[in-house]
Each structure stands twice: as C-alpha cells, then as structure tokens.
Amino acid sequence: MASTDLHDPDAYVRNGQYDVDRHWRDLVRQRRLYTALSLGILFVALFASLWFANQTNAGKFFDRLPHFFDFAGGMIPRDGWEVWRALFDLESPYYDGSFKYDYPDGRVYFWGTWYVPEYIHKMVETLNIAILSTLIGFIFGFLLCFLAATNLTTTRWLRFVVRRFMEFLRAFPEIVIAGFFLAIFSLGPVSAIIAVSIHTIGALGKMFFEVVENADMKPDEGLRAVGANWTERVWFGIVPQIMPNFLSYTLLRLEINVRASTIIGAVGAGGIGEVLRLSISRGHEAKTLAIILLLFVTIVAVDQLSAWLRRKIVGDQAFQFGA
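Residues numbered from 1 in each chain as written. Predicted model: local features only at pLDDT ≥ 70, side-chain atom pairs only at ≥ 80, totals over all residues. Heavy atoms only, no water.

You'll find the protein entered in an unreviewed UniProt entry as ABC transmembrane type-1 domain-containing protein, with Effrenium voratum given as the organism. Within the UniProt record for the protein, the comment given under Subcellular location (unreviewed entry) is "Cell membrane". (UniProt positions renumbered as here; feature names shortened; annotations may be inferred.)

When you go through the protein residue by residue, the secondary structure sums to 13 helices and two strands. Counting across all 323 residues of the protein, residues that qualify as buried make up 36%. Of the contacts made within the protein by residues no fewer than 6 positions apart, 66% connect residues no fewer than 24 positions apart. A total of about 20200 Å² of accessible surface is found on the protein, and carbon and sulfur atoms cover 67% of it. (Helix = DSSP H or I, 4+ residues; strand = E, 2+ residues; numbered from the N terminus. Buried < 20%, exposed > 50% of the residue type's maximum accessible area, 1.4 Å probe, protein only. Contact = heavy atoms within 4.5 Å. Areas by Shrake-Rupley, 256 points an atom, 1.4 Å probe, with all protein chains shown as cover.)

Let us now look at the environment of phenylalanine 180. Positionally, phenylalanine 180 belongs in helix α8 (residues 174-185). Between the C-alpha atom of phenylalanine 180 and that of serine 191, which follows or precedes it by 11 residues, the distance is 8.4 Å.

We now examine the pairing of strand β1 (residues 108-111). Taken together, the three bridges between β1 and strand β2 (residues 114-116) define a ladder with antiparallel strand orientation. Paired with tryptophan 111 across the strands is tryptophan 114, a residue of β2. Hairpin connection from β1 to β2: two residues lie between these consecutive antiparallel strands, with glycine 112 at a positive phi of about 60°. (Pairing = 2+ DSSP bridges.)

Now for helix α6 (residues 118-148). With 31 residues, α6 extends 44 Å between its outermost C-alpha atoms, agreeing within 8% with the 45 Å of an ideal straight helix rising 1.5 Å per residue. Most pronounced at phenylalanine 142, the bend in α6 amounts to some 25°. (Expected span 1.5 Å × (residues − 1). Bend = angle between axes of the 7 residues up to and from the residue.)

Even without a glycine there, the phi angle at aspartate 89 is positive, about 55°. Looking at the secondary structure, you find aspartate 89 in the loop between α5 (81-87) and β1. On the basis of relative accessible area, aspartate 89 is assigned to the buried category, the value being 1%.

Inspection of every chain in the model, using the stated rule, returns 13 salt bridges. Lysine 100 serves as the salt-bridge partner of glutamate 285, at 3.2 Å between the closest nitrogen and oxygen. Residue glutamate 285 is located in helix α13 (residues 285-314), and its partner lysine 100 is located in the loop between α5 and β1; the two are separated by 185 residues in the primary sequence. By relative accessible area, glutamate 285 is classed as buried at 15%. Residue classification places lysine 100 among the partly exposed residues on the basis of a relative accessible area of 25%. Residue aspartate 102 is joined to lysine 287 by a salt bridge in which the shortest nitrogen-to-oxygen separation is 2.8 Å. Of the two residues, aspartate 102 is situated in the loop between α5 and β1 and lysine 287 in helix α13; the sequence distance between them amounts to 185 residues. Note on accessibility: aspartate 102 and lysine 287 belong to one class, buried. By sharing partners, the salt bridges in this structure join Asp79, Glu82 and Arg85 into a single network. (Salt bridge = Lys/Arg side-chain N within 4 Å of Asp/Glu carboxyl O.)

So, about a nonpolar patch on the surface. Residues Phe168, Phe172, Ile175, Val176, Ile263 and Val267 make up a contiguous nonpolar surface patch of about 540 Å² in total accessible area. Residue valine 267 is classed as partly exposed on the basis of its relative accessible area, which comes to 36%. (Patch = residues over 30% accessible without salt bridge, like charges linked within 9 Å, V, L, I, M, F, W, Y side chains within 5 Å.)

For serine 306, the location among the structural elements is in helix α13. By relative accessible area, serine 306 is classed as buried at 3%. Between the C-alpha atom of serine 306 and that of leucine 251, which follows or precedes it by 55 residues, the distance is 5.7 Å. Once residues lying within four places of it in the same chain are set aside, the contact partners of serine 306 are Leu251, Leu252 and Glu255. A distance of 3.1 Å separates a polar side-chain atom of serine 306 from the backbone oxygen of leucine 251. (Polar contact = N/O pair within 3.5 Å; in protein donor to acceptor, adjacent residues only side chain to side chain.)

See below:
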C-alpha cells in the first residue's frame, strides 16, 4: 500500500483531504466544547450575581422584581401634553400649588420676558461640563502621550512614571472621583468638571501614545539628520500625521463624557442628572419623561455630529467596518 502511494498522486490528495477533514472536525468539536464551557461559566456567574443581589437586598430582590413594571406604569402622566409643558416650562392646567406642576418656576430669564426652559438650561450645563472636560483632557493627554511613547522617549523610567500616572488617573470611575471632590467643593458643576477631566486625561493619554507608537518614523529620522531637536521632531515630524486620529479619539471621548456628566449630576454635581434624580425621587412623571426625552435627543444629536466630524477628519475608511 505504501509503494502504491508513492506512485499515485491521487492518493496524496485523498490522504491530504482526509487530514484536513479530520482537523476541521477536531476544531468544530473543540469550539463546541469551549462554547459549552463559556455558557456554563456565564450561567454560574449570572446565578451567583442574582443570589448575591437577593441576599444583600434582604431577600427582597426577586420579590420586588415584578414591581418594576408597576414603576414604569407609574411614570405615565395624566395628560400627554404635560411632558411638553414640563419641557418648555409652560403653565399647567393641573397646577395645585405643589412642585409637581410648577413648570414656570424653573424658567431662566435672560432678557425681559425671554427665557430658557430649566431643563434645556441644565442640558446646556451638562454639555459645557463635557466639552470643557474633554478639552482639558485633550491638552494634558497630548502633552503626556509623547513622553509615554517608546519610539520618542528612550528613558525607560520616564516612560514608566508617565504611563503609571495615566493609569492612576483612569483607574477610578468618574462618579467616584466626583464624590471625593464633592466633599471638598460642595455641590455644583466644578466637581464634575474635575472628575471627568481627570479620567479623560488618563483615557486619551493612553490612546494617544498608542497612536504615536504606530507613527511613521521616517520624518523623524530626516529631521534628526538635519539637526532638529526633540521638540521640533515631534511637532513637525509626528504631530501632522497623528493629529487626525487624535481629533477622532477626542470626539469619541466627547460622546462618552456627555453620558458621564449626566450620571455624575445625579450625585449632586450639577447638570441635567441632578434634576432627573429629583424628579424620579418625587414621582413627577411629566418632568421625568421630559428630561429623558431631552437626554435622548441630545445624546443622539451629539453622537451623529461627532460621527460626521470624525468621518470628515479621518475619512470614510475608518467607518466601513461599522456600517
């Protein structure tokens, strides 16, 4: 049989095809095994999490779970137009002297009878927190990233210190940092700006130095050959080719910071999140739905604008995989 195979090319083909089929079946079995193990681990983790939640909630987690729909049903206002009245601070025919229908009291007057509705004013405040924090994060992330890049900073201890510093900045969630600064600066947007800025510096700094490490070093070599110093090599040789990616990451981070600023506001750091927490805790259905509607429209608008700007900056090829 062995001698026949030596002079029979078809035998090699058949044996090779058999080996490929057998290897394919082995891979399929292995993938099924890994899938089953992963699902089993996921099920155990989910069960353990639910059990822990039930125990920490004094055994009431599963008992209260069906009442979720009762809460959602309680958010339906008595009149659909109340949502729009709450959104634009218009007088309500149901006003009874309580906070539930005191929409005009939230108006922010800026000239005569002209005013900005309270929730739109708070939404602008949240956007200001996100934009300012993103700008601060961009500036400091830009300055630190070159010191953390292997291809630009040959001093190992300096790279180590800068990288660990940026890891420390992004190690804690924004809401934890905000809680710390709220204890120092009291309530207000200042704590939110500091918290989001700190986390943004660490996050953007990491993404920036990874972009720098993948930059083409030929311009740097040319500038080095003509006697340029380190700053000149970075500014004229590296920055022009990496700036589009820097701006794209910054816009992406802005989308994240808008959401983070909303969440931080719920702990007293200003913005739309603070009034959302108050309206939910007081059971004001129209106000809650008005804020949720405004949040949805704003976040979608920011996401679409950011995506459009990033497409203009880095080109359509960066979006073809997400289409």
